[in-house]
Amino acid sequence: MKKGFVFDLDGVITDTAKYHFIAWQALAEELGITIDLAFNEQLKGISRMESLERILAFGHQAEKFTEQEKQALAEKKNTHYVELLQSLTPNDLLPGVKAFLDQAKALNIPCAIASASKNAPFILEKLGVKEDFQAIVDPNTLSKGKPDPEIFIKACQLIQVQPSDAIGFEDAQAGIQGIKAAGMYAIGVSVGEPLDGADQIIHSFTEITAKELQQR
Ligand code: BG6
Ligand code: MG
């Protein structure tokens, strides 16, 4: 019997990967680095600074900037990204998400967000679902990012559910690894790309109900 649900945000609740990509691509262009959508896949689930490091390494510019300059570059990308987020509305929830959250609420199953994004509370507010989550892990409190299980273990603690009694939802390979390493049941949300190690793959939340998952 499962007693808690833990969700990644970007790519699971809403499709913000496209906005991350637009903002990273613009910054990379300024630095003379060209990134494409295939490269963007690598940035899913990875923190802002780690994403910047990967882009700089890809462009052979890893050694070019001081720590302070890198902070400024990441801040610039984030300002652009937050501008793009202003247009988000509840219509940007991925299909079936709101119905699934309502089902969880009716069953008294607590829900938590385990996202590397420092913009998660703002995004959830724009989507009109912030109140549907009993906990949002603050990525500033973590010592390691995904694929480390820390964020998922913390989410389970916040909703007072044992990891073995929780289900995690992820669209990134690093996230699936983290969920499994935490000892949870992993559902991969995939629109085509392979997700190794997931216990179950769905394309959208319209394919599942909270009631049937409670029995897993
Ligand atoms: C994750 C995204 O959810 O959040 C990553 O998949 C992103 O692509 C990370 O880098 C950090 O997001 P933010 O909003 O704190 O820059
Ligand atoms: Mg994601």
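Residues numbered from 1 in each chain as written. Chains lettered and ligands numbered in written order. Predicted model: local features only at pLDDT ≥ 70, side-chain atom pairs only at ≥ 80, totals over all residues. Heavy atoms only, no water.

Going by an unreviewed UniProt entry, the protein chain carries the name Beta-phosphoglucomutase and comes from Enterococcus columbae DSM 7374 = ATCC 51263. Within the UniProt record for the protein chain, the comment given under Subcellular location (unreviewed entry) is "Cytoplasm". (UniProt positions renumbered as here; feature names shortened; annotations may be inferred.)

Close to ligand 1 lie 15 residues, the nearest being Asp10, Ile46, Ser117, Lys118 and Asn119. Within the contact set of ligand 1, an oxygen atom lies 2.6 Å away from a backbone nitrogen or oxygen of Ile46. The separation between an oxygen atom of ligand 1 and a polar side-chain atom of Asn119 is 2.7 Å. When isolated, ligand 1 has an accessible area of 390 Å², and the protein chains bury 97% of it. For the shell around ligand 1, the residue count by class is four nonpolar, seven polar and four charged. (Near = heavy atom within 4 Å. Polar contact = N/O pair within 3.5 Å; in protein donor to acceptor, adjacent residues only side chain to side chain. Areas by Shrake-Rupley, 256 points an atom, 1.4 Å probe, with all protein chains shown as cover. Nonpolar A, V, L, I, M, F, W, Y, C, P; charged D, E, K, R; others polar.)

This model, assessed by the stated rule, comprises 13 salt bridges. Residue Asp8 pairs with Lys146 through a salt bridge whose shortest N-O separation is 3.1 Å. Of the two residues, Asp8 is situated in the loop between β1 (4-7) and α1 (17-30) and Lys146 in the loop between β3 (135-136) and α7 (150-158); the sequence distance between them amounts to 138 residues. Two residues, Glu125 and Lys130, come together in a salt bridge whose shortest N-O distance is 3.4 Å. (Salt bridge = Lys/Arg side-chain N within 4 Å of Asp/Glu carboxyl O. Helix = DSSP H or I, 4+ residues; strand = E, 2+ residues; numbered from the N terminus.)

Moving on: the environment of Val137. Among the structural elements, Val137 can be located in the loop between β3 and α7. Of the residues examined, Val137 reaches a relative accessible area of 3% and is grouped as buried. Along the chain, Val137 and Ala116 lie 21 residues apart, while their C-alpha atoms are 8.7 Å from each other. Not counting residues up to four positions away in its chain, the partners in contact with Val137 are Ile113, Ala114, Ser115, Leu142, Ile151, Lys154, Ala155 and Leu158. (Buried < 20%, exposed > 50% of the residue type's maximum accessible area, 1.4 Å probe, protein only. Contact = heavy atoms within 4.5 Å.)

Our focus in this paragraph is the sheet that holds β1. In space, the six strands of this open sheet follow the order β3-β2-β1-β4-β5-β6, with parallel pairing throughout. Edge strands, defined here as strands with exactly one partner in the open sheet, are β3 and β6 (200-202). Against the sheet, helix α5 (residues 97-106) touches β1, β2 (111-113) and β4 (166-170), its axis set at about 150° to β1. Packing of helix α8 (residues 173-181) onto the sheet brings it into contact with β4 and β5 (185-189), and relative to β5 it is tilted by some 165°. (Pairing = 2+ DSSP bridges. Axes fitted to C-alpha atoms, helices over the stretch in contact; angles between N-to-C directions.)

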